[in-house]
Amino acid sequence: MKVAPELRELYQEMIVDHGRRPRNLRRLERATCRAEGFNPLCGDRVTVYLDCNDGVIREATFEGQGCAISMASASMMTEAIKGKKREEVERMFDAFHRLLTEENAEAPAELGKLKVFAGVREFPSRVKCAVLAWHTLKAALAGEREPVSTE
Ligand code: ZN
């Protein structure tokens, strides 16, 4: 569960900043795929909208309601995946998931700012808040129609 103090501080700053002023928080009318996700443990809900073209995510937005961690995660995720290829995003999902759930997992460079979410490891009950947007993203890419749940 060790998280460096400076990373912990940065984590808290980012969560507060993105939780208060989420980026890309809007419906995307031209979305080519979308999915809804729900985290029953905390009550977080998120809908992810993607505009994918030729396997590249041109635009990513979300709508939702939930705790600061879930909103900050969705906000930072939509920023991080914009312009990325589908395969890159799938690799990011795996790396992000490992970072949050495996002790001493290192963040690969491609995660960029998302590495601050290692801070969630100290709060295991919040991991589902942080991964909700990512599970929803995966469902959107897979074209799933049923809402996904973290449970
Ligand atoms: Zn939550």
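Below is a summary of the structure that appears in this document. Note that the coordinates shown come from a computational prediction; the quantities given were computed from them, not determined experimentally.

Looking now at helix α2 (residues 68-81). The end-to-end C-alpha distance of α2 is 20 Å, a good match for the 20 Å that 14 residues give at a rise of 1.5 Å each. By the criterion of burial, α2 is predominantly enclosed, with 12 of the 14 residues buried. Of the surrounding secondary structure, the elements contacted by the buried residues of α2 are α1 (5-20), β2 (44-53), β3 (56-65), α3 (86-101) and α4 (127-142). Where α2 ends, the next residue or the one after it, G83, has phi of about 85°, a positive value.

This paragraph deals with the coordination of the zinc ion. Protein coordination at the zinc ion comes from C42 (SG), D44 (OD), D44 (OD), C67 (SG) and C129 (SG), with a distance range of 2.2 to 2.7 Å. We note that the donor set of the zinc ion lies within a single chain, spaced as C-x1-D-x22-C-x61-C. Of this pair, C67 sits in the loop between β3 and α2 while C129 sits in helix α4, and the two are 62 residues apart along the sequence. Residues C67 and C129 agree in their burial class; the two are buried.

Summed over all chains, the structure comprises 0 disulfides. Left unpaired, C52 is separated from the closest cysteine sulfur, that of C33, by 3.9 Å.

Quick look at α1 now. Helical periodicity: at 3.6 residues per turn, an α-helix aligns residues three or four positions apart in one direction. Between its terminal C-alpha atoms α1 stretches 23 Å, which fits the 22 Å expected from 16 residues at 1.5 Å a residue. Three or more residues of α1 are buried, namely L7, Y11, M14, I15 and H18. Seen from one end, α1 has its buried residues packed into an arc of 100°, which puts them on one side. Structural note: α1 exposes P5, E6, E9 and R20 on the side pointing more than 90 degrees away from its buried face. Tucked into the core, α1 has its buried residues touching α2.

Further remarks concern the sheet that holds β2. Strands sit in the order β3-β2-β1-β4 across an open sheet of 4 strands; the sheet is mixed. Two strands lie at the open edges of the sheet, namely β3 and β4 (148-149), each paired on one side alone. Lying over the sheet, α2 contacts β2 and β3, oriented at roughly 170° with respect to β3. Sheet contacts for α4: β1 (33-39), β2, β3 and β4; angle to β2, the most-contacted strand, approximately 40°.

What counts, and at which threshold
Residues numbered from 1 in each chain as written. Predicted model: local features only at pLDDT ≥ 70, side-chain atom pairs only at ≥ 80, totals over all residues. Heavy atoms only, no water. Helix = DSSP H or I, 4+ residues; strand = E, 2+ residues; numbered from the N terminus. Expected span 1.5 Å × (residues − 1). Buried < 20%, exposed > 50% of the residue type's maximum accessible area, 1.4 Å probe, protein only. Contact = heavy atoms within 4.5 Å. Donors = N, O, S within 2.8 Å, 3.2 Å for Na, K, Ca; no water. Disulfide = S-S within 2.5 Å. Arc of directions from axis to C-beta. Pairing = 2+ DSSP bridges. Axes fitted to C-alpha atoms, helices over the stretch in contact; angles between N-to-C directions.

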